[in-house]
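Residue-level structure breakdown
Each chain, letter by letter, is given below.
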Amino acid sequence: MIRRCQTGDRSAFSELVGQLMRPAYFQALALLGNEDDAREVSQETFARVWRSIGQYDATQPFYPWFYTVLRNLAMNALRSRRRRPQVGGDFADAWLETAADQAGREPEQELRRQQQVARVNAALMLLSVSDREIISLKDIHDYAYKDIAGLLDIPIGTVMSRLYTARARLRSLLEEDGDEQP
């Protein structure tokens, strides 16, 4: 599909966008903490990828290259806007939600879930961008340590250490709020 994209095949690129739009949006949301900004950055990522797909080395894994574009745009957006991230409802919702849970949920259960989502979102937005990023890559997107190491260009041991520390910070924030570990 990537080779077809490199030849200018718009239908192949549409297929690629279909596969990556949701993960790109949620990763941007994890980094930026704002739904509008996440939507904008994920869309800009696809525009940049389309413009520069010819420069991509198709012998290398695609997603790390794609993620680097997304991450750089998100970091640029954070630097240029210089404002505190807003709570983005979908970030924790994506983390806590499962299709099975959503199916037969009682109204009281739904209210508790919404309250938990709000508490987790508030705690996540108090974390640093790098803490949110590592938690998102592992706990939302379920990447292996090796894959995260490749995406962030850091050793696996550093991934494990950062993830442990980020989870401990999140746990501490949730305990301060009187919540249990998600």
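Just above, that's the structure.
What counts as what
Residues numbered from 1 in each chain as written. Predicted model: local features only at pLDDT ≥ 70, side-chain atom pairs only at ≥ 80, totals over all residues. Heavy atoms only, no water. Helix = DSSP H or I, 4+ residues; strand = E, 2+ residues; numbered from the N terminus. Buried < 20%, exposed > 50% of the residue type's maximum accessible area, 1.4 Å probe, protein only. Contact = heavy atoms within 4.5 Å. Areas by Shrake-Rupley, 256 points an atom, 1.4 Å probe, with all protein chains shown as cover. Core = buried A, V, L, I, M, F, W, Y, C linked by side-chain atoms within 4.5 Å. Phe/Tyr/Trp six-rings, centres within 6.5 Å; stacked < 30°, edge-to-face > 60°. Arc of directions from axis to C-beta. Axes fitted to C-alpha atoms, helices over the stretch in contact; angles between N-to-C directions. Parallel < 35°, antiparallel > 145°, perpendicular 65-115°, else oblique. Left-handed = near helix turned anticlockwise from the far one by under 90°.

**Things to note about the overall build of the chain**
Check the secondary structure of the chain and you find 10 helices and 0 strands. Along the chain, helices and strands appear, N-terminal first, in the series α-α-α-α-α-α-α-α-α-α. Taking all 182 residues of the chain together, the buried fraction comes to 41%. Counting contacts in the chain only where the partners sit at least 6 residues apart, residues at least 24 apart contribute 69% of the total. Summed over all atoms, the accessible surface of the chain reaches about 10000 Å², with 47% contributed by carbon and sulfur.

**Re the nonpolar core**
The biggest cluster of nonpolar side chains holds 49 residues, and the ones touching the most others in it are V41, F62, F66, Y67 and I134. Contributions of two or more residues to this core are made by α1 (2-6), α2 (10-32), α3 (35-52), α4 (62-81), α7 (107-126), α8 (129-140), α9 (145-152) and α10 (156-176). With 12 residues, the single largest contributor to this core is α2. For Y67, the contacting residues outside a window of four places in its chain are Q27, L31, E133, L137, L151 and L152.

**As for the packing of aromatic side chains**
Applying the stated criterion across every chain, the model contains 11 aromatic pairs. Plain terms: the ring middles of F13 and W50 are 4.8 Å apart, the flat faces sit at 50° to each other, and that makes the pair tilted. Of this pair, F13 sits in helix α2 while W50 sits in helix α3, and the two are 37 residues apart along the sequence. Residue classification places F13 among the buried residues on the basis of a relative accessible area of 11%. Its relative accessible area of 22% is what places W50 among the partly exposed residues. Pairing Y63 with F66 gives two aromatic rings, centres 5.7 Å apart and planes at 35°, and the pair type is tilted. Of this pair, Y63 and F66 are both found in helix α4, 3 residues apart, which corresponds to roughly one turn of the helix. The pair formed by Y63 and F66 is uniform in burial state, with each residue classed as buried.

**Comments concerning α9**
Every buried residue of α9 is accounted for by I148, A149, L151 and L152. Relative to the axis of α9, the buried residues are bounded by an arc of 165° and lie together on one face. Contacts made by the buried residues of α9 are with α4, α8 and α10. D153 occupies a position one or two residues after α9 and carries a positive phi of about 55°.

**Overview of the packing of α3 against α4**
Interaxial distance between α3 and α4 falls to 9 Å at its minimum, and their mutual angle equals 130°. Considering their axes alone, α3 and α4 lie oblique with respect to each other. Taken as a pair, α3 and α4 cross one another with a handedness that is right-handed. Listed contacts from α4 to D37, E40, V41, S42, E44, T45, F46, R48, V49 and S52 of α3 are F62, W65, F66, V69, L70, L73, A74, A77 and R81.

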